[in-house]
There are 2 protein chains.
Amino acid sequence: MLLHSLCWLLVGFYSQSSSDTEVFKTPAALLINYFFPVFNLGAGYHSESKAKEYKHVCKRACQKAVDRLRAGAMALEAVTAALTELEDSPFTNAGTGSNLNLSGDIECDASIMDGKSLEYGAVGALSGIKNPVLVARRLLSEAQKGKLSAGRIPPCFLVGTGAQQWALTHGIPPCPSEKMATKFSLSAYKRNKRKMELAEKIETEHHFLKRQRTSSGTVSKYIKVSEIVEPISSSLDTVGAIVVDQEGNVAAAVSSGGLAMKHPGRVGQAAHYGCGCWAENAHDARTYATAVSTSGCGEHLIRTMLARECSTAVQAEDAHQALLEAMQNKFIGSRFLASEDGVLGGVIVLRCCKCGDDQSSENLQALLVEFLWSHTTESMCVGYMSAHDSKAKTHISRLPPGAVAGQSLAIEGGVCRLGATND
Amino acid sequence: MLLHSLCWLLVGFYSQSSSDTEVFKTPAALLINYFFPVFNLGAGYHSESKAKEYKHVCKRACQKAVDRLRAGAMALEAVTAALTELEDSPFTNAGTGSNLNLSGDIECDASIMDGKSLEYGAVGALSGIKNPVLVARRLLSEAQKGKLSAGRIPPCFLVGTGAQQWALTHGIPPCPSEKMATKFSLSAYKRNKRKMELAEKIETEHHFLKRQRTSSGTVSKYIKVSEIVEPISSSLDTVGAIVVDQEGNVAAAVSSGGLAMKHPGRVGQAAHYGCGCWAENAHDARTYATAVSTSGCGEHLIRTMLARECSTAVQAEDAHQALLEAMQNKFIGSRFLASEDGVLGGVIVLRCCKCGDDQSSENLQALLVEFLWSHTTESMCVGYMSAHDSKAKTHISRLPPGAVAGQSLAIEGGVCRLGATND
């Protein structure tokens, strides 16, 4: 008997812009193995060609994860396989192709969580390693072995050069940074550097001018630099995946190159416990197994602990309504981000429970899986595949024309029943 | 009119050892400006002379914070002053005197949170800076200024060399590591290194012996290395403080040198949002302002998000009972630490609300402050002082003889009313 499993992943990507909260809501739908793309592709910031690349990457990552699941792998291994594929794509802001920081270097964040053991591993500001998720995964499995020599407690979170050293001594090969940079990331860096220099020049001159005018008794009109210099374009296409295996175990992972032109050493949500990903199997106090992965502006996702908030929220009966309220009240309307003029992020959420209409039927061990995504960003690319499917489905969700990114949200989702079959 | 304020801080220190959960419980007591040391000093791991030093440090730190509060400073500034003093003491595992890592270097974690703005700043694995809390504080205040040039989002969490560079460019002076190491930390490092080498030698030899015997058909008896080599002694005397100012604003901070012989780049709870400290003023959805700071084994405190859990818990009517249950169910009995044989940590918690028996009385703006502490470690040193007091009170709380650290807890607390007076 083989119980089918599901890989569900996200490549969040969006452009930034910054009214009143509007919600574009779809009623949750219960359909077996069906998926609801609700919004048509709007006039987005990303070209159609880039969207095509994203869909390809998503498909390949889903396929890798499902191949592992079909071979009997557990959720943790499958989610690692999906993330590795996503990191290897030069089009995503994770692993190869990551945003460059202020010094022109690549520093990556990644984390992984196993819903069964509740173990967790994370790396932050890691350079010179092709697949940061593999280091996070290894930290998790090393911790599962118990204490180190002389009773030392194994780490769950390593950063910077220490994390790189640890990876190398655990057999993970180094990768020169120049191999991880792409033509696109290098040209974006040069363009962003010019914008920054121009913005700083204008700010300095304006400050000087303002002081002169103020001392002569005339108050200068406030000049908004952002009206003259376009804000830097940051590829926020960080990646994440969530998986449920045939035993109903869940796992989640996330990986990110961080914000473009970030300060060296800056760590975002992808390396932050409870913020980048969350996975928790069902147990006595929890009806549903849940897995969540987030993408977006790290500072916003850290301070709202969005992954864990969404995981807790969807224990409510109506997952769609619960996620909608969480995104409205705990993210866009969060007290922790009251001073922000736009709150940017996206989540993919999976919850599942074992079900059976008839306790004595063959479907006793079937899994009812609800999957949802929501974003306040202009767009988000999602893909999913179950072990029933011959290939992955992908979708680019966009806020409808006129909706303000950072202040509006889109929410969609579907349900599938993964049945037990006799093979 | 001056409304008095309170600084309440902790220097957690304990020895490690590892049965069934026992709770040593004291009923919460409501007494004005009185404080309940419940357990007498037991036969602890630390010498009386060290306990004396701890008390002195606590007193000085309380005094610094209260001096600032008396001068009109807000909670955030006062808590920073307390932490700076605690970091400067060579007896604490924070700033000067921090534990050395596996490479013999000092790498510190620190974070701070302002209950009014809910802003947060943190540094991890930071070397060469005397007062890590000042960097965390500066990150917080820089973020309050809004976006950086060209629309970049300011970081809230920096690590490693990037964090050090950021500190230097923001006028925080460097401090050579050798100035931060003490005679005690250096000798502990040498001792721990010998223990580790001995433990690893025994493990290797035993592994070789076991293989020989197994190949000859005899299975060797399992040797527990910890029965031969004593586990490394780790100074876990990390520091934290929580403050409420005259306006009822709360702030919390925490600083730590991390576990002795930790891997370079390891980041503990002191730099982890929601894990090391938490501060949240009262608002529409929260009756009480709360501030929490934690100390102990970072990995245990991260995975249970103890600071935030305790902050949420004490919104219940009976704060003492709520904290007790949180420590039992969300820490010692946490599903996230099910594989651990001992869960080590301590918290200091403050909650307050504006009160007045008679709405028209002069006490209308008085603050009712409840302060609690709890620990699963052998001992914990706490101190507190209100602006009413001429000097700080300190107390070393210990688990009673026979209680098993990591599986038992102590909880104590008190209440004081900080009244409004006409000055």
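The coordinates are above.
Anyway, here's the lowdown on the structure attached to this text. Because the structure is predicted, anything quoted here is derived from the model rather than measured.

1. Some details on the overall build of chain A
From N to C terminus, chain A includes 10 helices and 16 strands. With 423 residues in all, chain A has 62% of them scored as buried. With the model as given, the accessible surface of chain A reaches about 16,100 Å², and the carbon-plus-sulfur share is 52%.

2. Observations regarding the environment of Glu317(B)
Residues and elements named next belong to chain B. Topologically, Glu 317 is positioned in the loop between helix H9 (306-313) and helix H10 (319-332). Here Glu 317 falls in the exposed class, since its relative accessible area comes to 73%. In this structure, the C-alpha to C-alpha distance between Glu 317 and Met 74, residues 243 residues apart in sequence, is 27 Å. In contact with Glu 317, other than residues within four places in its own chain, are Tyr 288 and Arg 351.

3. Observations concerning H9(B)
Within an α-helix, residues lying three or four positions from one another point in the same direction, as the helix has 3.6 residues per turn. Within H9(B), six of the eight residues are buried, leaving the element largely enclosed by the surrounding structure. Within H9(B) the residues assigned to the buried category are Leu306(B), Ala307(B), Arg308(B), Glu309(B), Cys310(B) and Ser311(B).

4. As for the relation of the copies chain B and chain A
The two copies are related by a screw motion: chain B maps onto chain A through a turn of 180° and a shift of 0.0 Å along the axis, at an RMSD of 0.0 Å. Both copies are brought into coincidence by an operation consistent with a two-fold rotation axis. When C-alpha positions in chain B are compared against the rotation axis, the closest is assigned to Gly160(B), at 3.0 Å. Comparing contact sets, 100% of the residues at the interface of chain B also lie at the interface in chain A, consistent with an isologous, same-surface contact.

5. Some words on the interface of chain B and chain A
Taken residue by residue, the interface counts 56 residues in chain B and 56 residues in chain A. Of the roughly 4,700 Å² buried between chain B and chain A, counting both surfaces, carbon and sulfur atoms make up 63%. A per-residue breakdown of the area chain B buries against chain A is headed by Ile153(B), Tyr273(B) and Arg303(B), which together make up 14% of the total. Counting every contact that joins chain B to chain A gives 10 salt bridges. Close ionic contact of Arg308(A) with Glu309(B) constitutes a salt bridge, the shortest N to O distance being 3.3 Å. Our count for the contact surface shared by chain B and chain A stands at 21 residue pairs in polar contact (both at pLDDT 80 or more). Listing elements by their share of the side of chain B that touches chain A, those giving two or more residues are strand E6 (157-159), helix H4 (160-169), helix H6 (183-215), strand E9 (277-280), helix H8 (298-303) and H9 of chain B. Element by element, the count of residues in the side of chain B that touches chain A is highest for H6(B), at five residues.

6. A closer look at the packing of aromatic side chains
Applying the stated criterion across every chain yields a total of nine aromatic pairs over all chains. Look at Phe157(A) and Phe157(B): their rings are 6.5 Å apart centre to centre, the planes differ by 55°, and that puts the pair in the tilted class. Of this pair, Phe157(A) sits in strand E6 (residues 157-159) while Phe157(B) sits in strand E6, placing the two residues on different chains. Phe157(B) shares its class with Phe157(A); the two are buried. An aromatic cluster is defined as three or more aromatic residues linked by ring pairs; in this entry it consists of Tyr120(A), Tyr273(A), Trp278(A) and Phe336(B). The aromatic ring of Tyr288(A) is capped on one face by Arg351(A), whose charged end is 3.7 Å from the ring centroid.

7. Side note on the packing of helix H9 (residues 306-313) of chain A against helix H10 (residues 319-332) of chain A
Residues and elements named next belong to chain A. The geometry of H9 relative to H10 is characterised by a closest axis approach of 9 Å and an angle of 145° between their N-to-C directions. You can see that H9 and H10 cross each other, and the crossing is right-handed. Residue-level inspection shows Leu 306, Glu 309, Cys 310 and Ala 313 of H9 in contact with H10, the latter providing Ala 322, Leu 323, Ala 326, Met 327, Lys 330 and Phe 331. Class assignment for the residues of the contact of H9 with H10 results in eight nonpolar, no polar and two charged.

8. Side note on the pairing of strand E5 (residues 120-126) of chain B
All names here are of chain B. With respect to burial, E5 is a largely interior element, seven of its seven residues being buried. Inspection of the sheet shows strand E4 (residues 108-114) paired to E5 by five bridges, in the antiparallel sense. By the bridge assignment for E5, Ala 110 is matched with Val 123. Taking the residues between adjacent antiparallel strands as the criterion, E4 and E5 are bridged by five residues, where Leu 118 takes a positive phi near 60°. Bridge analysis of E5 against E6 gives three bridges, and the strand direction is parallel. Bridge pairing in E6 places Ala 122 opposite Phe 157.

9. A few points about empty space enclosed by the protein
Residues and elements named next belong to chain B. By volume, the largest cavity is sized at about 60 Å³. Lining the largest cavity are 12 residues, with Ser 256, Gly 258, Leu 259, Arg 266 and Gly 296 sitting closest to its centre. Classifying every residue of the lining of the largest cavity gives two nonpolar, eight polar and two charged.

Thresholds, definitions, all that
Residues numbered from 1 in each chain as written. Chains lettered and ligands numbered in written order. Predicted model: local features only at pLDDT ≥ 70, side-chain atom pairs only at ≥ 80, totals over all residues. Heavy atoms only, no water. Helix = DSSP H or I, 4+ residues; strand = E, 2+ residues; numbered from the N terminus. Buried < 20%, exposed > 50% of the residue type's maximum accessible area, 1.4 Å probe, protein only. Areas by Shrake-Rupley, 256 points an atom, 1.4 Å probe, with all protein chains shown as cover. Contact = heavy atoms within 4.5 Å. Least-squares fit on C-alpha atoms with pLDDT ≥ 70 in both. Buried area = accessible area lost by both parts, 1.4 Å probe. Salt bridge = Lys/Arg side-chain N within 4 Å of Asp/Glu carboxyl O. Polar contact = N/O pair within 3.5 Å; in protein donor to acceptor, adjacent residues only side chain to side chain. Phe/Tyr/Trp six-rings, centres within 6.5 Å; stacked < 30°, edge-to-face > 60°. Lys NZ or Arg CZ within 6 Å of the ring centre and 35° of its normal. Axes fitted to C-alpha atoms, helices over the stretch in contact; angles between N-to-C directions. Left-handed = near helix turned anticlockwise from the far one by under 90°. Nonpolar A, V, L, I, M, F, W, Y, C, P; charged D, E, K, R; others polar. Pairing = 2+ DSSP bridges. 1 Å grid on protein atoms, 1.4 Å probe; cavity = no way out; pocket = protein on both sides within 12 Å on 5 of 7 lines; lining within 4 Å. Points joined across faces, edges and corners; volume = space filled by probe spheres on them.

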